[in-house]
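# Descriptive structure summary
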2 protein chains.
Amino acid sequence: MNKKGLLMIISGPSGSGKGTVVEELIKDENFVISVSATTRSPRDYEQDGVHYFFKTVDEFGDMINEGQLLEWAAFCGNYYGTPKAYVEKMLESGKNVILEIEVQGAQQIAEMYPEAVSVFLMPPSKEELIKRLTGRGTEDEITVERRIKRAEEEVELLPKYKFVVINDEVANAVEKIKMIAESEKMRSERYKNMVEAFK
Amino acid sequence: MNKKGLLMIISGPSGSGKGTVVEELIKDENFVISVSATTRSPRDYEQDGVHYFFKTVDEFGDMINEGQLLEWAAFCGNYYGTPKAYVEKMLESGKNVILEIEVQGAQQIAEMYPEAVSVFLMPPSKEELIKRLTGRGTEDEITVERRIKRAEEEVELLPKYKFVVINDEVANAVEKIKMIAESEKMRSERYKNMVEAFK
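Just so you know, these numbers come straight off a predicted model, no measurement behind them.

### As for the packing of helix H1 (residues 18-25) of chain A against helix H7 (residues 170-184) of chain A
All names here are of chain A. The contact between H1 and H7 brings their axes to 9 Å, and the two run at 60°. Of the two elements, H1 crosses H7, and the hand of that crossing is right-handed. In this structure, H1 uses Thr20, Val21, Glu24 and Leu25 to contact H7, whose residues at the interface are Val170, Ala173, Val174 and Ile177. Of the residues contributing to the contact of H1 with H7, the split by class is six nonpolar, one polar and one charged.

### Regarding the nonpolar core
In terms of nonpolar packing, the biggest core is built from 86 residues, with Met8, Val119 and Val165 of chain A together with Met8, Val119 and Val165 of chain B touching the most fellow members. Apart from residues lying up to four places away in sequence, Val165 of chain B is in contact with Met186 of chain A together with Val119, Leu121, Ala173, Lys176 and Ile177 of chain B.

### Brief notes about the relation of the copies chain A and chain B
With an RMSD of 0.0 Å, the operation that places chain A on chain B is a rotation of 180° combined with a shift of 0.0 Å along the axis. Within this description, the copies of the chain are treated as partners about a two-fold rotation axis. An overlap of 100% is found between the interface residues of chain A and their copies at the interface of chain B, pointing to a shared contact surface.

### Focus: the interface of chain A and chain B
Every contact between the two is made by 28 residues of chain A and, on the other side, 28 residues of chain B. Of all elements in the fold, only strand E8 (117-122), helix H6 (141-155), strand E9 (163-166), H7 and helix H8 (192-197) of chain A reach the threshold of two or more residues within the side of chain A that touches chain B. With five residues, H7 of chain A is the single largest residue contributor to the side of chain A that touches chain B. Taken together, the residues of the side of chain A that touches chain B break down into 17 nonpolar, two polar and nine charged.

### A short note on the packing of H7 of chain A against helix H7 (residues 170-184) of chain B
Running from N to C, H7 of chain A and H7 of chain B cross one another at 115°; their axes reach a closest spacing of 8 Å. H7 of chain B is crossed by H7 of chain A, and the crossing has left-handed handedness. Counted together, Met179, Ile180, Glu182 and Ser183 of chain A of H7 of chain A and Met179, Ile180, Glu182 and Ser183 of chain B of H7 of chain B form the full contact between these two elements.

### Remarks on the sheet that holds strand E7 (residues 96-100) of chain B
Residue and element names in this part refer to chain B. With parallel pairing, five strands are arranged side by side in an open sheet as E2-E7-E1-E8-E9. On the outer flanks of this sheet lie strand E2 (31-33) and strand E9 (163-166), each paired with one strand and no other. Taken pair by pair, the neighbouring strands of this sheet meet at an average axis angle of 30°, ignoring direction. Taken together, the four bridges between strand E1 (residues 7-11) and E7 define a ladder with parallel strand orientation. In the sheet register, Ile9 faces E7, and the bridge partner there is Leu99. Here helix H3 (residues 84-92) sits on the sheet in contact with E1, E2 and E7, set at roughly 145° to E7.

### Looking at the domain arrangement of chain A
All names here are of chain A. Domain parsing of chain A yields domain 1 (1-30 + 96-199) and domain 2 (35-93). Counting residues at the interface gives eight residues for domain 1, matched by eight residues for domain 2. Within the residue set of the side of domain 1 that touches domain 2, elements represented by two or more residues are strand E7 (96-100) and helix H4 (103-112). A total of three residues in the side of domain 1 that touches domain 2 trace back to one element, the largest contributor, which is H4. Considering only residue class, the side of domain 1 that touches domain 2 consists of four nonpolar, three polar and one charged.

### Side note on the pairing of E7 of chain B
Residues and elements named next belong to chain B. Summarising burial for E7: five of the five residues are buried, a large majority. Of the pairings in the sheet, the one linking E2 to E7 comprises three bridges and is parallel in character. From the neighbouring strand, Ile33 faces E7, where its bridge partner is Ile98.

Scoring rules and cut-offs
Residues numbered from 1 in each chain as written. Chains lettered and ligands numbered in written order. Predicted model: local features only at pLDDT ≥ 70, side-chain atom pairs only at ≥ 80, totals over all residues. Axes fitted to C-alpha atoms, helices over the stretch in contact; angles between N-to-C directions. Helix = DSSP H or I, 4+ residues; strand = E, 2+ residues; numbered from the N terminus. Left-handed = near helix turned anticlockwise from the far one by under 90°. Contact = placed C-beta atoms within 7 Å. Nonpolar A, V, L, I, M, F, W, Y, C, P; charged D, E, K, R; others polar. Core = buried A, V, L, I, M, F, W, Y, C linked by C-beta atoms within 7 Å. Buried ≥ 20, exposed ≤ 12 C-beta atoms within 10 Å, placed from the backbone. Least-squares fit on C-alpha atoms with pLDDT ≥ 70 in both. Pairing = 2+ DSSP bridges. Domains from an automatic or database assignment.

Next up, the structure:
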């Protein structure tokens, strides 16, 4: 039996609440979130290796060139990426590694790692989505409308994911993701060595 | 969201305890076992439509010719088969329909219904398998040895199934099968209509 953890992609449209769900999920010791590498400066409370792996632009460039990143992107003049070595170490130790990423980036990883378990978080209804996106109350109407439009487009990528979890309540959504993980660990590919053991 | 039940194939080698597991599983109202059609005579306690659909040889022949059976086989001079209509009605009503079948028959159905969720029940170890097969104590040594040999061959079909459940304790195995069902119901194919609803 293969005791390796699962690589899990958790994504969903703006307003799906993926941040909150992942935060709750990793309170379970079987799940860890991948720690990203970045070239931006650490904030006061941030620790190297906990919140991010802080790198110079040169170091980050080397990581790209040496194929050490699962994926990377530039954002507001800084680089962000997912270090393979960290993910692999966690998987080997039996932890399920969560990559919480934007809908577009998730697609790239899902194509590179077909064995990854991809989960698309969905708000329960369009009404609820609009309520969540307007409810923050801090943005002007145009920003809110742009966000709704974008969420609608993101929802179209639902069929590209393996699983859909409706986020009606955070606790329910977390429970469902745990069930998916338990079930995916029972895939027969992980038990092939049992055939040998029974000969 | 698609509320149809799942077609679940539960199989496993002789000594895997599939009969007991299925018996426990169907105590949950979300699961039903498919009722077979047969040409053999009903026993005293058996009711038509509950234990079997009792058919004449002519009626059974018509069912075969009209493609009304998912699979069928002859055994000790009688015919046995799985009526499509019953399975379909149960699936439509949202029940997960369990087909508890021998390792070989399970293969045929899995090929005909690639969407079926196939589960291979495994004894926890070869030692335990041998213990279970000899433990019945009613058969002679040759019969037991033949049974062990057959179980070993059946185990080789493990990779053909989607999931493997180790039957260490009946209650655990039942819980695991329920988790697989819950998880498989979250497959994105079942949520495609949500994309339309968010436009």
